Amino acid sequence: DVKVTQSSRYLVKRTGEKVFLECVQDMDHENMFWYRQDPGLGLRLIYFSYDVKMKEKGDIPEGYSVSREKKERFSLILESASTNQTSMYLCASSLSFWVSTYEQYFGPGTRLTVT
Amino acid sequence: RKEVEQDPGPFNVPEGATVAFNCTYSNSASQSFFWYRQDCRKEPKLLMSVYSSGNEDGRFTAQLNRASQYISLLIRDSKLSDSATYLCVVNPSNFNKFYFGSGTKLNVKP
């Protein structure tokens, strides 16, 4: 079974703090993704990575950065957290970026609250 | 305009009913289509891919209508365990990058 794990299920941070969200997958997948999910807006792609040290902006990258130093690990960084970044953050992985039919496997999500 | 649009519901149906959801997409060149299921406070999981010719998996049938740019999901003989949010997912290119709808909530009642 593919397993995608995220470092925290719930996180509460203060405005202006630097926040790290970690994601690890154990299936040697090339692709990893970070989404945020908000009511009525669905999942929106923040960043994705198709290889170690490679990253591409998604649809809403502002206020976020990412790091992929190892194939199995993809980190999302909020440089200076703001209240509008309160959301559910979902990490996903899939086998290959270059094939559009591969399933995405999701982690359990991190519910981040910024106060 | 959103890439993918779904009726948020909720659809409240009795056990044993047949229920159908539609989802429209804006990019006529979209390549791949999927339905994911998301249980309350859980992560999304793939329910089924949607093929051009339509496909069936047990009680679930998915259809694609390219001319009208929508996909559909039909659930027959609904079970209580089918209660979830169903996400329509579209890939507008050949790359593994997806657009998700905001989901349709289904409540199956005894």
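Remember, predicted model here, so these are calculated numbers, not experimental data.

Definitions and cut-offs
Residues numbered from 1 in each chain as written. Chains lettered and ligands numbered in written order. Predicted model: local features only at pLDDT ≥ 70, side-chain atom pairs only at ≥ 80, totals over all residues. Heavy atoms only, no water. Phe/Tyr/Trp six-rings, centres within 6.5 Å; stacked < 30°, edge-to-face > 60°. Buried < 20%, exposed > 50% of the residue type's maximum accessible area, 1.4 Å probe, protein only. Disulfide = S-S within 2.5 Å. Helix = DSSP H or I, 4+ residues; strand = E, 2+ residues; numbered from the N terminus.

(A) Main features of the packing of aromatic side chains. Counted by the stated rule, this structure contains 13 aromatic pairs over all chains. Ring plane angle 65 degrees and centroid distance 6.5 Å describe the contact between Phe34 of chain B and Tyr36 of chain B, whose orientation is recorded as edge-to-face. By relative accessible area, Phe34 of chain B is classed as buried at 1%. On the accessibility criterion, Tyr36 of chain B (1% relative accessible area) is buried. One aromatic cluster is present, built from ring pairs that chain together Phe33, Tyr35, Phe48 and Phe106 of chain A together with Phe34, Tyr36, Phe98 and Phe100 of chain B.

(B) Structural context of the state of the cysteines. Taken as a whole, this structure holds two disulfides over all chains when the rule is applied. What pairs with Cys23 of chain A in a disulfide is Cys91 of chain A, and their sulfur atoms sit 1.9 Å apart. Around the S-S axis, the bridge from Cys23 of chain A to Cys91 of chain A shows a dihedral of about -75 degrees and counts as left-handed. Remark: Cys91 of chain A occurs in strand 9 (residues 87-94) and Cys23 of chain A occurs in strand 3 (residues 19-25); sequence separation between them is 68 residues. In this model, Cys23 of chain B is linked to Cys88 of chain B through a disulfide, with the two sulfur atoms separated by 1.9 Å. Across the S-S bond linking Cys23 of chain B and Cys88 of chain B, the dihedral sits near -65 degrees, which makes this disulfide left-handed. Taken together, the positions of Cys23 of chain B in strand 3 (residues 19-25) and Cys88 of chain B in strand 9 (residues 84-91) put the pair 65 residues apart, joining distant regions of the chain.

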